[in-house]
Amino acid sequence: MTKIIAISNQKGGVGKTSTALNLGACLAGKDKKVLLIDLDPQAHLSIKKDIWLKDIDALSFIKGEKELKSNGRDFNLIHSDLSLSRFDSEFSNKLGRDQYLKRAIRKSEDEVSKYDFVLIDTPPNLGVLTTNALSVCDEVIIPVQTLEFARQGLEIFLDMLESIKEMLNPNIKSWNILPTMVDFRRKQDKEILEELRKEFKEHVFNTFIRTNSKVAESPRAQTDVLSYAKNRAEDYINLAKEVLKNG
């Protein structure tokens, strides 16, 4: 059964795109079939052009203009570009504006069902594209940098997530916080990690993502860290194991 995971946080710069790309690559590396959807108009996830699905982009997919057609490969991406930014302005006042992605996925259900995982990268805001992702997912991964200011919007996001679960998507089975860019040379990182685990308990992944120069470099090579420097992909490999273990 296909599991749909939204990777979301309204705070920018916390590692959403890195999580989507590198978790996807590591799941694919464990013989899982993975579809990435770049739902962010900044299109940073779409740098990995070698996994693009041809003749479809995120805007045409979410609007229902084009259906998904898999290419037989195990790791694919519905890419994005700046044209996706038009979605909020065009559809923000329309009835059912939060359900377009859900309808698009249902329309392509036979093709989507060929994948084990669908990972959706969302914009750094709480706009219509983000609520579309949260309205169709089974699980939510919330990357949170272990800095005090990066935690400040977490409660707002969790309140919105609870509202979406109550009103739009009761099928959200779980949400989990992923600590990112952890650097234990900074005293506050250890303290905030401990605070997150104490406050949110089982909702915090055992895995955390450490600051990693190879992760930072890999986008310049237009690829994921597993392909760029496999020996430095340990954290994302462990995250993939934990996601699989959690079922």
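Criteria and cut-off values
- Residues numbered from 1 in each chain as written.
- Predicted model: local features only at pLDDT ≥ 70, side-chain atom pairs only at ≥ 80, totals over all residues.
- Heavy atoms only, no water.
- Helix = DSSP H or I, 4+ residues; strand = E, 2+ residues; numbered from the N terminus.
- Rg over C-alpha atoms; globule rule 2.2 N^0.38 Å.
- Buried < 20%, exposed > 50% of the residue type's maximum accessible area, 1.4 Å probe, protein only.
- Contact = heavy atoms within 4.5 Å.
- Areas by Shrake-Rupley, 256 points an atom, 1.4 Å probe, with all protein chains shown as cover.
- Lys, Arg positive; Asp, Glu negative; His and termini not counted.
- Charge placed at Lys NZ, Arg CZ, Asp CG, Glu CD.
- Expected span 1.5 Å × (residues − 1).
- Patch = residues over 30% accessible without salt bridge, like charges linked within 9 Å, V, L, I, M, F, W, Y side chains within 5 Å.
- Salt bridge = Lys/Arg side-chain N within 4 Å of Asp/Glu carboxyl O.
- Polar contact = N/O pair within 3.5 Å; in protein donor to acceptor, adjacent residues only side chain to side chain.
- Pairing = 2+ DSSP bridges.
- Axes fitted to C-alpha atoms, helices over the stretch in contact; angles between N-to-C directions.
- Phe/Tyr/Trp six-rings, centres within 6.5 Å; stacked < 30°, edge-to-face > 60°.

Asks: Which residues make up the overall build of the protein, and what values do they have?
Replies: On a plain count of helices and strands, the protein comes out with twelve helices and six strands. Its C-alpha radius of gyration of 17 Å places the protein within 12% of the 18 Å reference for a compact globule of 247 residues. Burial statistics for the protein: of 247 residues in total, 54% are counted as buried. Intrachain contacts of the protein at a sequence separation of at least 6 include 78% that bridge at least 24 residues. As displayed, the protein offers around 11800 Å² of accessible surface, 48% of which is attributable to carbon and sulfur atoms. Each charge class in the protein can be summarised by its mean position, and for the 38 positive and 37 negative side chains these summaries are 3 Å apart.

Asks: Describe in detail helix 1 (residues 16-28), supporting the description with residues and values.
Replies: The periodicity of an α-helix, 3.6 residues per turn, causes residues three or four positions apart to be oriented the same way. Between its first and last C-alpha, helix 1 extends 18 Å over 13 residues, near the 18 Å set by a 1.5 Å rise per residue. In terms of residue burial, helix 1 counts as a mostly covered element, since twelve of its 13 residues are buried. For helix 1, the complete set of buried residues consists of K16, T17, T19, A20, L21, N22, L23, G24, A25, C26, L27 and A28.

Asks: Summarise a negative patch on the surface; cite the residues concerned and give the values.
Replies: On the surface, a cluster of negative charge is contributed by E155, D159, E162 and E166. Along the chain, E162 turns up in helix 8 (residues 154-167). Of the residues examined, E162 reaches a relative accessible area of 41% and is grouped as partly exposed.

Asks: Account for unusual backbone geometry, with residues named and values stated.
Replies: The backbone of K201 sits at a positive phi, close to 50°, despite the residue not being glycine. Given a relative accessible area of 54%, K201 falls into the exposed group.

Asks: Go over the side chain of N212, please, and point to the residues and values.
Replies: Along the chain, the position of N212 falls in the loop between helix 9 (187-200) and helix 10 (213-217). Classification of N212 as buried rests on a relative accessible area of 13%. Engagement of the side chain of N212 in a polar contact is seen with the backbone nitrogen of K214, the distance being 2.9 Å. Of the polar contacts made by the side chain of N212, one reaches the backbone oxygen of R232; its length is 2.7 Å.

Asks: Pulling in residues and values, what's your account of the sheet that holds strand 5 (residues 139-145)?
Replies: A sheet is described by the order of its strands in space; here six strands give the open sequence 3-2-4-1-5-6, paired in parallel fashion. Every interior strand has two partners, whereas the edge strands, strand 3 (75-78) and strand 6 (174-180), have only one. With strand direction ignored, the average angle separating the axes of adjacent strands in the sheet is 20°. The sheet contact formed by strand 2 (residues 34-38) and strand 3 spans four bridges and is parallel. Looking across to strand 3, one finds that L35 is bridged to N76.

Asks: How would you explain the packing of aromatic side chains if you had to name every residue and give the values?
Replies: To describe a pair of aromatic rings, you give the distance between the ring centres and the angle between the ring planes. Evaluation of the coordinates by the stated rule reveals five aromatic pairs. Plain terms: the ring middles of F87 and F91 are 4.6 Å apart, the flat faces sit at 20° to each other, and that makes the pair stacked. With a gap of four residues between them, F87 and F91 both fall in helix 3 (residues 86-91), about one helical turn apart. Both residues of the pair, F87 and F91, belong to the buried class. Ring centres 4.7 Å apart and planes at 65° place the aromatic pair F91 and Y100 in the edge-to-face group. The residues F91 and Y100 share a single accessibility class, namely buried.

Asks: Can you lay out the pairing of strand 4 (residues 117-121) for me, pointing to particular residues and giving the numbers?
Replies: Of all five residues in strand 4, five are buried, a share of seventy percent or more. Burial along strand 4 is two-sided: the face carrying F117, L119 and D121 and the face carrying V118 and I120 are both buried. Bridge analysis of strand 1 (residues 3-7) against strand 4 gives five bridges, and the strand direction is parallel. Bridge pairing in strand 4 links I7 to D121. For strand 2 and strand 4, the ladder comprises five bridges, and the chain directions are parallel. Residue pairing across strands places D38 opposite D121, the latter belonging to strand 4.

In short, shape yes, function no, at least from these values alone.
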